[in-house]
Amino acid sequence: MDPSFRDAVYQIVAAIPPGAVSSYGAVARQAGFPRHARFVGRLMSQLPKDTRLPWHRVLRGDGRIALAGTPAGEQQIQRLLDENVTVLGDRVPRQHFQQW
DNA sequence: ACTTCGGCATAAT
DNA sequence: GATTATGCCGAAG
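Each residue is numbered by its place in its chain's sequence as written, counting from 1. The naming scheme follows written order: chains are lettered A onward, ligands numbered 1 onward. Totals for whole chains, interfaces and linings use all residues, but because this is a predicted model, local features are given only for residues with pLDDT of at least 70 and pairs of side-chain atoms are given and counted only at 80 or more. Side-chain numbers come from the whole structure's heavy atoms, not from hydrogens or water.

*Asks:* How would you explain the environment of isoleucine 65 if you had to name every residue and give the values?
*Replies:* For the purposes of this entry, the term helix denotes a DSSP run of H or I that reaches at least four residues, the term strand denotes a run of E that reaches at least two, and both are numbered from the N terminus. Relative to the helices and strands, isoleucine 65 is located in the loop between β2 (58–59) and α4 (71–82). A residue is classified by how much of its surface remains accessible, and isoleucine 65, at 4% relative accessible area, is buried. Between the alpha carbons of isoleucine 65 and glutamine 76 there is a distance of 7.9 Å; along the sequence they are eleven residues apart. The contacts of isoleucine 65, once residues within four sequence positions are left out, are Leu59, Gly73, Gln76, Ile77, Leu80, Asp90, Arg91 and Val92. Summary of the burial criterion: residues with accessible area below 20% of their type's maximum are buried, those above 50% are exposed, and those between are partly exposed, where the area comes from a 1.4 Å probe applied to protein chains only. By the convention used here, residues are in contact when the closest approach between their heavy atoms is within 4.5 Å.

Written out as structure tokens, the structure reads:
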């Protein structure tokens, strides 16, 4: 895989404004690799804990929180709530999705 | 019109 | 080969 893909992903995730969310698949598409949603998820899972990247604004395509029920998922939900994003159960309404 | 679930496609941090 | 912080689609309740 082109290593620039990773940097493109970081750049795109960093550009998601507070209060908005996107999805792994959408980020992959915007990075120029339409079928690499899983790879984006892998990148997110391996970010250092002190990263400045807003990884919590990246959800599944249907708005569900990845890893809901695990500590990481709970922290993601908490971060979203702190930004004034509504989270119902383990999902975020489409209203918050960044539209292109 | 919901929600689940199973199966398949995808690629390698 | 097995395992994913995915996505899509069809079937069933």
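What follows picks up the thread again.
*Asks:* Please provide a residue-by-residue account of the pattern of salt bridges, values included.
*Replies:* Each salt bridge in this description consists of a side-chain nitrogen of Lys or Arg and a carboxyl oxygen of Asp or Glu lying within 4 Å of one another. One pass over the structure, following the stated rule, counts three salt bridges. Aspartate 62 is the partner of arginine 64 in a salt bridge, and the nearest nitrogen-oxygen pair spans 2.8 Å.

*Asks:* For the protein's contact with DNA strand B, give the residues involved together with the corresponding values.
*Replies:* Residues in contact with DNA strand B, as listed here, are Met1, Arg6, Arg35, His36, Arg38, Phe39, Arg42, Gln46 and Arg91. One heavy atom suffices: a residue is near a molecule or strand as soon as one of its heavy atoms comes within 4 Å of it. Among the atoms of DNA strand B close to the protein, meaning within 4 Å, 57% are from sugar or phosphate groups. In the analysis that follows, any N or O atom pair within 3.5 Å is treated as a polar contact, provided that within protein one partner can donate a hydrogen and the other can accept it, and provided that, for residues neighboring in sequence, both atoms belong to side chains. The contact in question runs from a sugar or linking oxygen of DNA strand B to an N or O atom on the side chain of glutamine 46, over 2.4 Å. One of the side-chain nitrogen or oxygen atoms of arginine 91 is found 3.1 Å away from a phosphate oxygen of DNA strand B.

*Asks:* So, the environment of methionine 1: which residues are in play, and what are the values?
*Replies:* By the secondary structure assignment, methionine 1 is in the segment before α1 (4–14). As for methionine 1 and phenylalanine 33, which are separated by 32 residues in sequence, their C-alpha atoms are 9.8 Å apart.

*Asks:* With reference to specific residues and values, describe the protein's contact with DNA strand C.
*Replies:* Around DNA strand C there are 14 residues in total, and Tyr24, Gly25, Arg38, Arg42 and Gly61 lie nearest to it. Side-chain polar atom of arginine 42 to a base oxygen of DNA strand C: 2.6 Å apart, as the coordinates give it. At six residues, the largest contribution of residues to the surface near DNA strand C is made by helix α3 (residues 37–45).

*Asks:* Can you explain the layout of surface pockets? Please cite residues and give values.
*Replies:* One water molecule sets the probe size; rolling that probe over the atoms shows where empty space is left. Computed from the structure, the largest pocket encloses a volume of approximately 410 Å³. Together, 17 residues line the largest pocket, and Met44, Ser45, Trp55, Leu67 and Ala72 are the ones closest to its centre. Examining the composition of the lining of the largest pocket, we find that five residues originate from one element, α4, more than from any other. Residue composition of the lining of the largest pocket, grouped by class: nine nonpolar, six polar and two charged. Here a cavity is any set of points on a 1 Å grid over the protein atoms alone where a 1.4 Å probe fits but cannot get out, and a pocket is any open set with protein on both sides within 12 Å along at least 5 of 7 lines; a residue lines the site when it has an atom within 4 Å of a point. Grid points are joined across faces, edges and corners, and a volume is the space filled by probe spheres set on the points. Polarity classes work like this: nonpolar for Ala, Val, Leu, Ile, Met, Phe, Trp, Tyr, Cys and Pro, charged for Asp, Glu, Lys and Arg, and polar for all others, with Gly in that last group.

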